[in-house]
Amino acid sequence: MTHAHAPTTPRSTLVVTAHAGDFVWRAGGAIALAAARGEKVTIACLTFGERGESARAWREGKDLAQIKALRRDEAERAAATLGAEVRFLDAGDHPLLPTPELTDRLVALYRDTQPDAVLTHPADDPYNGDHPAAHRMALQARILAQAIGYPADGEVIGAPPVFCFEPHQPEMSGFRPEVLLDITEVWETKRKAMECLATQRHLWDYYTDLAVRRGVQLRRNAGPNLGLAHRTLAEAYMRSYPQIAKELA
């Protein structure tokens, strides 16, 4: 019997990213929206992006340990700004390689967070092999976390939908904007999180412009009578699995 005032478990979102900045540029709006609704958002940063995504810090003469500490600090501040928890797996980037230990840790994270939705990279990115590697690991861990016989703590998970966020070079990565998410109401939060990533300051304006372009597409596809703000900002996603529905809408 369900009681009217029985506590409910908040929805859970799991974000699996290759590098410390990826979740901000590509999914910061989705994360901020979920957090604003009171949902739990957990970010799994597989690496700090210390070798391939921190050129500014290397040119400033910092060593590997200093760069990892810098990228950790940036990511922690960005995640806090968005309202999410970030966990670092420190698997090493360029290249990001799968290992049995890393798989076990990801499976444990799936079972611990019991996600209702998963966000990760798309399957293709000819400019950065770590991104497709993170995609494969995210999907493999999802499958294994569903397997009752897999030796990991925690309850098996259901079948959370997987949304792949937009890569930096979408045209070259076979990316199709199948889902356009309106992030207008949390845009300022996302921008503040972006500005936590001083190591990649050159991307601030790029991802601002991208949000504007995707917002134009959202308005065009939503129709003229939905009362959308003239300046709508959006993020784009692809789905890895079919949408389940009882009606077409």
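Computed from a predicted model, the values in this text were never measured in an experiment. (Residues numbered from 1 in each chain as written. Predicted model: local features only at pLDDT ≥ 70, side-chain atom pairs only at ≥ 80, totals over all residues. Heavy atoms only, no water.)

A separate point is the packing of helix α6 (residues 187-194) against helix α7 (residues 204-222). At a closest axis distance of 10 Å, the pairing of α6 and α7 adopts a crossing angle of 160°. As summarised for this structure, α6 and α7 are arranged roughly antiparallel, according to the angle between their axes. By crossing handedness, the relation of α6 to α7 is classed as right-handed. Where α6 abuts α7, its residues W187, R191 and M194 lie against W204, D205, Y207, T208 and A211. Per-class residue counts for the contact of α6 with α7 are five nonpolar, one polar and two charged. (Axes fitted to C-alpha atoms, helices over the stretch in contact; angles between N-to-C directions. Helix = DSSP H or I, 4+ residues; strand = E, 2+ residues; numbered from the N terminus. Parallel < 35°, antiparallel > 145°, perpendicular 65-115°, else oblique. Left-handed = near helix turned anticlockwise from the far one by under 90°. Contact = heavy atoms within 4.5 Å. Nonpolar A, V, L, I, M, F, W, Y, C, P; charged D, E, K, R; others polar.)

With that settled, the discussion passes to the pattern of salt bridges. If you walk through the whole model with that rule in mind, you get 16 salt bridges. Of the charged contacts in the structure, one is a salt bridge between R11 and E39, with a shortest N-O distance of 3.7 Å. In this pair, R11 is assigned in the segment before β1 (12-17) and E39 in the loop between α1 (22-36) and β2 (40-45), connecting sequence segments 28 residues apart. Residue R11 is classed as partly exposed on the basis of its relative accessible area, which comes to 42%. For the salt bridge of K40 with E85, the shortest nitrogen-to-oxygen distance reads 3.1 Å. (Salt bridge = Lys/Arg side-chain N within 4 Å of Asp/Glu carboxyl O. Buried < 20%, exposed > 50% of the residue type's maximum accessible area, 1.4 Å probe, protein only.)

A few words now on the nonpolar core. In terms of nonpolar packing, the biggest core is built from 40 residues, with V15, F23, I31, I43 and L119 touching the most fellow members. Secondary-structure elements contributing two or more residues to this core are α1, β2, α3 (64-82), β3 (85-88), β4 (117-120), β5 (162-165), α6 and α7. Take this core: its biggest share by element is nine residues, from α1. In this view, I31 contacts V15, F23, V41, I43, L82 and A84; residues no more than four positions away in its chain are not counted. Membership of the second largest hydrophobic core comes to 24 residues, among which are V16, V107, V118 and A133. (Core = buried A, V, L, I, M, F, W, Y, C linked by side-chain atoms within 4.5 Å.)

In this section: the environment of Q146. One can find Q146 in helix α5 (residues 130-146). For the pair Q146 and L197, spaced 51 residues apart in sequence, the C-alpha to C-alpha distance is 35 Å. Not counting residues within four places of it along the chain, the set of residues in contact with Q146 comprises V156, I157, G158 and A159.

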